[in-house]
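Next come the chains, spelled out residue by residue.
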Amino acid sequence: MLIKKVDRDLARIVKKIGNSHFNPINAKDEMIKTFNDNNYNPKLKYLPQNKNIESIDKKLLALRTDNSVFGMLLKKKIIELHNIFLMIKNTGKEGFTEYSIKVYGAPKPELVNEARKILKIDEEEVWTKYSRLSMTKAFSDHFKINKLDWKIKEKEMVAGAAIDSKRKSLIINKNKDFSENDVKRLMIHEIGTHVTRFENGKKQKHKMFSFGFPGYLDTEEGLAAYNEYRAGLLSPKILRMYAGRVLANDMALKSSFSVVYNTLLEHFTRYDAWTLALRSKRGLSDTSKKGGFTKDHLYLKGFLKVKDFAEKGGDMKKLYTGKIGVEHVPYLEDI
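Here goes a summary of the coordinates provided. (Residues numbered from 1 in each chain as written. Predicted model: local features only at pLDDT ≥ 70, side-chain atom pairs only at ≥ 80, totals over all residues. Heavy atoms only, no water.)

**Brief notes about the sheet that holds strand 2 (residues 161-164)**
- With mixed pairing, three strands are arranged side by side in an open sheet as 1-3-2. The strands lining the two open edges of the sheet, one partner per strand, are strand 1 (151-155) and strand 2. Sheet twist, expressed as the mean angle between neighbouring strand axes with direction ignored, is 25 degrees.
- Note: strand 2 against strand 3 (residues 169-173), four bridges, orientation antiparallel. Residue pairing in the sheet places Ile163 in a bridge with Leu170 of strand 3.
- On the sheet, helix 8 (residues 180-202) packs against strand 2 and strand 3 and is oriented at approximately 20 degrees with respect to strand 2. (Pairing = 2+ DSSP bridges. Helix = DSSP H or I, 4+ residues; strand = E, 2+ residues; numbered from the N terminus. Axes fitted to C-alpha atoms, helices over the stretch in contact; angles between N-to-C directions. Contact = heavy atoms within 4.5 Å.)

If you want it as structure tokens, here you go:
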């Protein structure tokens, strides 16, 4: 009964966190300043912090579990969520990077070397713009065919697309153009992976299968990328973008925004270099300082991890049990 209660309590806490804490609200203005001066370091602003964060964190730290397999996983999740709360509390402050690394880690040298190799691949740039109307209809039809009660929304954001599982929404970047291949890829990435793992997770007896095991995120994004790869939709352009994220994360920990941005200009268009640099420096206010948001290296790390799991004969179906990591597969029988 104890771990069931903790599992339920954690599910409620996760719902209260939200996912817009680290998105700067003045990104467009700072982008224009950067385009006018390559050596400019943006001053990023964020929405005010949720007043209830402190009390929610206290409730989180008061939770106690047992020493069963699932109980130990819950303990790890409590620590992970506590560090996410500390990231939120330190958004715009010097301590932000320290807690980001505790949650997401930092890119290792071998991953950075792999990313640099990928960046030498020629990028294909043949695509046809897909109308917004056709795109929305394609996703709506996909949801209906698969009997999924999900909606499509548009908003300004850093990512091209994202899943909001709490509101059962697929969110599309209103300022980004998409090709027909982009739409096919997002079907596999967002719906075929993220939505499917969430919906399957909801059917399990423990709620953590739907809100995410500790450290599940690299498998989450890696599986989505691997599914693109298997479908022949992981183009050199997308793979290079994942590599760019690793390089941006690595450089952000050592240098300013302008250094990251100018280095990325050697490999990417002005807009893509800006987006990658911004993603890596989110969470800071003064981007002339070292540090940033280290989540982005997990995409390439996870892709290589899932690919290795598949090539070694791992049971891929088990990864669809819910939002678990490759490292959690051996525990499924006990849980």
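**Structural notes on the nonpolar core**
- By size, the foremost hydrophobic cluster in this structure holds 80 residues, and its most contacted members are Leu10, Phe213, Leu264 and Leu300.
- If we skip the residues at most four places from it in the chain, Phe213 touches Phe70, Leu73, Lys77, Glu80, Met208, Lys323, Ile324, His328 and Ile335.
- Core analysis: the second largest hydrophobic core is formed by 15 residues, Phe139, Leu170, Ile172 and Ile191 among them. (Core = buried A, V, L, I, M, F, W, Y, C linked by side-chain atoms within 4.5 Å. Buried < 20%, exposed > 50% of the residue type's maximum accessible area, 1.4 Å probe, protein only.)

**Quick word on the packing of aromatic side chains**
- For the coordinates displayed, the defined rule picks out 13 aromatic pairs.
- Arranged with centres 5.5 Å apart and planes meeting at 65 degrees, the rings of Phe22 and Phe96 form a pair that is edge-to-face. Residue Phe22 is located in the loop between helix 1 (2-17) and helix 2 (27-36), and its partner Phe96 is located in helix 5 (residues 96-104); the two are separated by 74 residues in the primary sequence. Taken as a pair, Phe22 and Phe96 share a single burial class, namely buried.
- Here the aromatic residues Phe22, Phe96, Tyr104 and Phe293 are joined through ring pairs into a cluster of three or more.
- A cation sits over an aromatic face here: Arg240 above Phe268, 5.2 Å from the ring centre.
- Just above the ring of Tyr299 sits the side chain of Arg245; from NZ or CZ to the centre is 4.4 Å. (Phe/Tyr/Trp six-rings, centres within 6.5 Å; stacked < 30°, edge-to-face > 60°. Lys NZ or Arg CZ within 6 Å of the ring centre and 35° of its normal.)

**Quick notes on the pattern of salt bridges**
- Tallied over the entire structure, the rule returns 19 salt bridges.
- Taking the shortest distance from any N to any O, the salt bridge between Lys89 and Glu54 comes out at 3.1 Å. Highlighted residues: Lys89 in helix 4 (residues 69-89) and Glu54 in helix 3 (residues 53-61), separated in sequence by 35 residues.
- Assessed through its relative accessible area of 43%, Glu54 is described here as partly exposed.
- One network of salt bridges, in which partners are shared, links Asp218, Lys301, Lys305 and Glu327. (Salt bridge = Lys/Arg side-chain N within 4 Å of Asp/Glu carboxyl O.)

**A few points about helix 3**
- Here helix 3 has its buried residues at Ile53, Ile56, Asp57 and Leu60. Buried residues along helix 3 cover an arc of 100 degrees about the axis, so they all sit on one side. Residues of helix 3 that are exposed and point more than 90 degrees away from the buried face comprise Lys58 and Lys59.
- Elements that come into contact with the buried residues of helix 3 comprise helix 1 and helix 4. (Arc of directions from axis to C-beta.)

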